Amino acid sequence: MSKVEQRYQAAKERYAAIGVDTDHALEKLKGVKISVHCWQGDDVKGFMNPDGELTGGIMATGNYPGAAHTPKELRADLEKAFSLIPGKHKLNLHAIYVDTDEKVDLNEIEPKHFAPWVEWAREQGLGLDFNPTFFSHPMFKDNYTLASPDKEVRDFWVEHGKRTRKIAEYFGRELGQTSINNFWVPDGMKDNPIDRFTPRKRLMEALDEIFAEKLDEKYTREAVESKLFGLGAEAYTVGSHEFYMGYGITRGKLICLDAGHFHPTEMISGKLSSLALFGKGMMLHVSRPVRWDSDHVVLMDDELVEIGRELVRNDLLPHTHIGLDFFDATINRVAAWVVGTRNTQKAFLKAFLEPTAELKKLELENDFTSRMVITEELKDFPYGDVWNYFCEINGVPVGLDWFKEVKSYEKNVLLKR
């Protein structure tokens, strides 16, 4: 018996004393798939116009060496990251990550332009999710795409949206895992608008046109994602939380909540139970806001733990798709993926290791003292020993050993690019 397993057996006994089956918790954790975002690996450049300027409120800062410049390099980096993350997961692709020698624009993309990604995902045992790319393009005009008053601009982006649906459907059919196609549109204004209504009406109508054709939800489902504001849209974002909450509920779409897309003190964990009552399902972009910005590497902070608790305590995981969304060019990009994904998994493990049924019973009986005492004591329980065992039985490095592999990969691969 390894030292890791010995520590796990001791932790197992301690958790059993409060009615928690750690083996069952690990089995539940094994079933949680995280959709890891591809754009951390190359700073959201993509492969259509990698030297182009980022627009639409997107900005990656830093110049850490080793960014991927080709699909082959990006896939190699992802393989290294996935080899250090326990379990089998999904990859989230943006439309700009085509893998083709053909010169193609966003309104021309087809499933064939992503065929190498599908073949790779099949070999790796991964699912693929997708995102239309409504930014960093000449047709992102005057800060508008689908909400533009210019019909030519709207038509371009409507066609793009339609084509991404076909690509996501192709992913789902080929890989046997439902592909979530998440729509985020950065349209907005830097300063105070006079008319907030008309752009939202145009956005609603454009989305209705994109989604007019019914696709089999066995293969693909759409999510719609809001944002409070961003670079160049500080005063007004057309696709606000209220807009997409209404749109998602009335159109039967998943509602995507990004942890960094709200007011600095507004937490998405408190929204999950409400949306679950009325929506068809949820998509999460687990990220970390800093001040007004989003998209920082996910750390084990209070909000991440609360997100895990809300989904587990209320049995919302079967109706929720978990994805990551951050990009940091100041640090090793492979390490960023591993830290963010493993932290997200740890947050779910912490929630699985709670005696949830007992805590709910105490609350119903108004025994708030016991509820507080138990939840506070749980903070000192050895969840880390349970996590390390999960890593060991899944064949990935335990503790800081994974970072040694990343540093070796950096020396032998990334720094030679």
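What counts and how
Residues numbered from 1 in each chain as written. Predicted model: local features only at pLDDT ≥ 70, side-chain atom pairs only at ≥ 80, totals over all residues. Heavy atoms only, no water. Helix = DSSP H or I, 4+ residues; strand = E, 2+ residues; numbered from the N terminus. Buried < 20%, exposed > 50% of the residue type's maximum accessible area, 1.4 Å probe, protein only. Contact = heavy atoms within 4.5 Å. Areas by Shrake-Rupley, 256 points an atom, 1.4 Å probe, with all protein chains shown as cover. Lys, Arg positive; Asp, Glu negative; His and termini not counted. Charge placed at Lys NZ, Arg CZ, Asp CG, Glu CD. Right-handed = clockwise from strand over helix to strand, strands pointing away. Pairing = 2+ DSSP bridges. Core = buried A, V, L, I, M, F, W, Y, C linked by side-chain atoms within 4.5 Å. Salt bridge = Lys/Arg side-chain N within 4 Å of Asp/Glu carboxyl O. Phe/Tyr/Trp six-rings, centres within 6.5 Å; stacked < 30°, edge-to-face > 60°. Axes fitted to C-alpha atoms, helices over the stretch in contact; angles between N-to-C directions. Parallel < 35°, antiparallel > 145°, perpendicular 65-115°, else oblique. Left-handed = near helix turned anticlockwise from the far one by under 90°. Nonpolar A, V, L, I, M, F, W, Y, C, P; charged D, E, K, R; others polar.

Of the regular secondary structure elements, the protein chain holds 14 helices and 12 strands. In the protein chain, which comprises 417 residues, the share counted as buried stands at 54%. A separation threshold of at least 6 residues defines the contact pool for the protein chain, and within that pool the share at least 24 residues apart is 80%. Only carbon and sulfur atoms are counted for the fraction: they give 51% of the accessible area of the protein chain, which is about 18,600 Å². On the protein chain, the mean spot of the 54 positive side-chain charges and the mean spot of the 66 negative ones are 2 Å from each other.

Of all the 5 residues making up strand β9 (residues 282–286), 5 are buried; the element is thus mostly covered by neighbouring parts of the structure. The alternating pattern of β9 places M282, L284 and V286 and M283 and H285 on opposite faces, both of which are buried. In this fold, the crossover linking strand β8 (residues 254–258) to β9 by way of helix α8 (residues 272–278) has right-handed handedness. Inspection of the sheet shows β9 paired to strand β12 (residues 320–324) by 5 bridges, in the parallel sense. Note that in β12 the partner of L284 across the bridge is I322.

One recurring pattern in soluble globular proteins is that nonpolar side chains are buried together. Judged by nonpolar contacts, the single largest core of 117 residues is most densely connected at L93, W117, L146, L207, L311 and F348. Sorting elements by how many residues they give to this core places helix α10 (residues 333–352) first, with 10 residues. Non-local contacts of L146, meaning those with residues more than four positions away in its chain, are made with F134, R154, W157, V158, V185, D187, R202, L203, A206, L207 and I210. By size, the runner-up hydrophobic cluster in this structure holds 5 residues, among which are A223, L254, C256 and M283.

Enumeration according to the criterion identifies 32 salt bridges in this entry. Between E159 and R163 there is a salt bridge; the shortest N-O distance is 2.8 Å. One end of the pair, E159, and the other, R163, are both in helix α5 (residues 151–175), 4 residues apart, so they sit about a helical turn from each other. Residue classification places E159 among the partly exposed residues on the basis of a relative accessible area of 28%. Taking the relative accessible area as the measure of exposure, R163 reaches 24% and is therefore partly exposed. Three or more residues joined by partner-sharing salt bridges are found here, namely E306, R309, R313 and E354.

Turning next to the packing of aromatic side chains. Tallied over the full model, the rule gives 18 aromatic pairs. Geometrically, the ring pair formed by W117 and W120 is edge-to-face, given 5.8 Å between the ring centres and 90 degrees between the ring planes. Taken together, the residues W117 and W120, both in helix α4 (residues 115–124) and 3 residues apart, mark about one turn of the helix. The class of W120 is buried, set by a relative accessible area of 5%. The interplanar angle of 45 degrees and the centroid separation of 6.3 Å between the aromatic rings of F211 and Y247 together place this pair among those described as tilted.

Within the secondary structure, L316 sits in the loop between α9 (302–313) and β12. With a relative accessible area of 9%, L316 lands in the buried category. Counting along the chain gives 34 residues from L316 to M282, while the straight-line C-alpha distance between them is 9.0 Å. Look past the residues within four positions of L316 in its chain and what remains in contact with it is L272, S273, A276, M282, E310 and L311.

Strand β4 (residues 179–184) sits mainly inside the fold: 6 of its 6 residues count as buried. The two faces of β4 match: S179, N181 and F183 on one face and I180, N182 and W184 on the other face are all buried. The sheet contact formed by β4 and strand β6 (residues 220–225) spans 6 bridges and is parallel. If you follow S179 over to β6, its bridge partner there is T220.

In contact at an axis separation of 9 Å, α5 and helix α6 (residues 197–210) are set at 40 degrees when each is read in the N-to-C sense. The angle between the axes of α5 and α6 places the two elements in the oblique class. Note that α5 runs across α6; the crossing there is right-handed. Across from R154, W157, V158, G161, K162 and R165 in α5, the residues of α6 making contact are R202, A206, E209 and I210. Among the residues forming the contact of α5 with α6, the class breakdown is 4 nonpolar, 1 polar and 5 charged.

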